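# What the coordinates show
In case you want the letters, here they are:
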Amino acid sequence: MTITDSRPAVRNAKTSAARPRRAARSWPLVALLAVLSVLTVSPFVAMFIVALSPAGEPTVPGSWPSRLTLDNMLQVLETSGFLEWTANSAIYSVVSVVVILITASMAGYAFAKKRFPGRDAILWTFLATMMVPFQATLIPTYVLVSDLGGVDTFWGLIVPTLANSQAVFLMRQFILGLPDELFDAAKVDGASELRIYWTIVVPLTKPILATLGVFVFLWHWNDFLWPLVIGQSDATRTLTVGLTILRTEEMQITLLMASAAITVLPCLLVFFLLQRYLVNSIAMTGLK
């Protein structure tokens, strides 16, 4: 007589019965997330619809436009100074991203894997600057940059924003999770610190570098206060400051929404290009 073990079948039956119960319990959360997603996306959808609506015709929220057109965006691009403001914002954001990623990753590697006198004291002093709002240091920073001749210049716009303690902290926390054996093996093979940084730190930190790059790009692309203070002509005026100038003029709402839509497009493009790295960064959280 053959005796068959029925325990696996029982476990499978219990698992199959538990799945509908878990699905039934999770649907309120799914519904809540769906509602929140719709509420979050709705203003952006309305902005693009108004931007693509013909000038002078009824549009959302009162009614739906009769057709969609790119005339408003083309007219905005032809506005005096708009392309120059966009180029200035791109320079401000891209240069800041490159410099901050390089300096933050180097500093994060030093604070995470190197031992030197006063390391912890320097780190926590540096992180303490996160508690000081930028508005509190705005006037002293402007006076210093002004005395150095940096008003209405690109270096005066970019350099004061490069010391990013949040970026250093994020890089340090990520690099702390990398195994020390990799760095020890590289040192045994005679690799220099620069080669260790370039061949080990940079490849293994690509997810957090991409995530941090998106954050830094958004911070600088949407930055308003410092560009407003330091940029006093179209030569260094950024797009966010330029939009406030357009708002003071008598412009139709469709043109204002078109200018806002053009401002949002680079942010969406950067997010979609680096979305894979963002997901990998979240998936690797907590892993050694």
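If you're wondering where the values come from, they're calculated on a predicted model, not measured in any experiment.

How each quantity is defined
Residues numbered from 1 in each chain as written. Predicted model: local features only at pLDDT ≥ 70, side-chain atom pairs only at ≥ 80, totals over all residues. Heavy atoms only, no water. Helix = DSSP H or I, 4+ residues; strand = E, 2+ residues; numbered from the N terminus. Buried < 20%, exposed > 50% of the residue type's maximum accessible area, 1.4 Å probe, protein only. Contact = heavy atoms within 4.5 Å. Areas by Shrake-Rupley, 256 points an atom, 1.4 Å probe, with all protein chains shown as cover. Salt bridge = Lys/Arg side-chain N within 4 Å of Asp/Glu carboxyl O. Phe/Tyr/Trp six-rings, centres within 6.5 Å; stacked < 30°, edge-to-face > 60°. Core = buried A, V, L, I, M, F, W, Y, C linked by side-chain atoms within 4.5 Å.

A separate point is the overall build of the protein. Looking only at helices and strands, the protein features 14 helices and zero strands. Walking the protein from its N terminus toward its C terminus, one meets helices and strands in the order α-α-α-α-α-α-α-α-α-α-α-α-α-α. A burial count over the protein gives 35% of its 288 residues as buried. For the protein, the share of sequence-separated contacts (at least 6 apart) that also reach a separation of at least 24 residues comes to 73%. Total accessible area on the protein is roughly 17500 Å²; 68% of this is exposed by carbon and sulfur atoms.

In the Ramachandran plot, Asp-152 falls in the positive-phi region, its phi being about 60 degrees despite a non-glycine side chain. Looking at where Asp-152 falls in the secondary structure, it is placed in the loop between helix H5 (134-147) and helix H6 (154-158). Judged by relative accessible area, which is 26%, Asp-152 ranks as partly exposed.

It is worth spelling out the pattern of salt bridges at this point. When the charged atoms of two side chains lie near each other, side chains of opposite charge can form a pair. The full count for this structure, using the stated rule, is four salt bridges. Two residues, Lys-113 and Asp-180, come together in a salt bridge whose shortest N-O distance is 2.5 Å. Of this pair, Lys-113 sits in helix H3 (residues 82-113) while Asp-180 sits in helix H8 (residues 180-188), and the two are 67 residues apart along the sequence. Owing to a relative accessible area of 43%, Asp-180 belongs among the partly exposed residues under this scheme.

For Phe-126, the position within the fold is in helix H4 (residues 119-128). Overall, the relative accessible area of 28% leaves Phe-126 in the partly exposed class. Expressed as a C-alpha distance, the spacing of Phe-126 and Ser-165, which sit 39 residues apart in the sequence, is 6.4 Å. Phe-126 has contacts with Asn-164, Ser-165 and Val-168, leaving out every residue within four places of it along the chain.

Take the packing of aromatic side chains next. Taken as a whole and judged by the stated rule, the model has seven aromatic pairs. Between Phe-111 and Phe-116, the aromatic rings sit 6.2 Å apart at their centres with planes inclined by 45 degrees, giving tilted as the arrangement. Judged by its relative accessible area of 11%, Phe-111 falls in the buried class. A ring pair is formed by Phe-215 and Trp-219, whose centres lie 6.3 Å apart and whose planes are at 25 degrees; its orientation type is stacked. On the criterion of helical spacing, the pair formed by Phe-215 and Trp-219 is a turn pair, its members being four residues apart in helix H10 (residues 206-221). Owing to a relative accessible area of 37%, Phe-215 belongs among the partly exposed residues under this scheme. Of the residues examined, Trp-219 reaches a relative accessible area of 36% and is grouped as partly exposed.

Here we come to the nonpolar core. Counting residues in hydrophobic clusters, the biggest one holds 55 residues, and the most contacted among them are Phe-82, Met-171, Ile-175, Phe-183, Leu-212 and Trp-226. Not counting residues within four places of it along the chain, the set of residues in contact with Phe-183 comprises Tyr-109, Lys-113, Leu-178, Ile-196, Ile-200 and Val-201.

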